[in-house]
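Letter by letter, the chains look like this.
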Amino acid sequence: MYILKKYVRNFISLYKGYNSNKEYNEIKQIKNQVDLIHFQETYLKKLIYHAYKNVPYYQNIFNNIGIIENETVNLKKFHEIPILTKKLLKKHQKELISNDYTTRKWFDNSSGGSTGEPTKFIQ
């Protein structure tokens with residue numbers, strides 16, 4: 001359980017660009033599988049809502065599948081989100097950039113290109 005908590009904490013830090021005591025304290029409160037699932041669902045909803053509000057590509061996708069209803073995320077439709085393939089990443093590169101990326105730590109990155117030409121993206 002400790003390794004999982006550490007992984008979740010590191011993920012949140014990377015996502016937000018800083019260490020957050022609030023989230024760390026929430027992670028420390030995870031005692032069982034029910035707590036863990038609740039924590040995961042809470043942060044998955046926050047991530048989806050952030051993408052909806054800030055990433056034009058996902059705003060379009062989420063509107064089409066109806067995963068956001070009255071500013072609430074419906075996780076029952078999570079499986080309808082299409083997998084982001086290399087082809088989609090290249091096709092929608094500009095639409096996949098979050099409107100607020102400059103407010104967080106970010107850097108240019110690219111794939112290794114083992115299947116052909118490397119794909120560039122902001123991470």
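Residues numbered from 1 in each chain as written. Predicted model: local features only at pLDDT ≥ 70, side-chain atom pairs only at ≥ 80, totals over all residues. Heavy atoms only, no water.

Peer 1: Can you walk me through the overall build of the protein chain in this structure?
Peer 2: From N to C terminus, the protein chain includes 5 helices and 4 strands. Tracing the protein chain from N to C terminus, the helices and strands come up as α-α-α-α-β-β-α-β-β. Going through the 123 residues of the protein chain one by one, you find that 29% of them count as buried. Carbon and sulfur atoms provide 54% of the accessible area of the protein chain, an area that totals close to 9,000 Å². (Helix = DSSP H or I, 4+ residues; strand = E, 2+ residues; numbered from the N terminus. Buried < 20%, exposed > 50% of the residue type's maximum accessible area, 1.4 Å probe, protein only. Areas by Shrake-Rupley, 256 points an atom, 1.4 Å probe, with all protein chains shown as cover.)

Peer 1: When you look at the pattern of salt bridges in this model, what are you seeing that I'm missing?
Peer 2: Any two side chains of opposite charge can pair, so long as their charged atoms come close to each other. Enumeration over the complete set of coordinates arrives at 2 salt bridges. One salt bridge connects glutamate 69 with lysine 77, and the closest N-O pair in it is separated by 4.0 Å. Glutamate 69 gets classed as partly exposed once you look at its relative accessible area, which sits at 40%. With a closest N to O distance of 2.8 Å, aspartate 100 and arginine 104 form a salt bridge. (Salt bridge = Lys/Arg side-chain N within 4 Å of Asp/Glu carboxyl O.)

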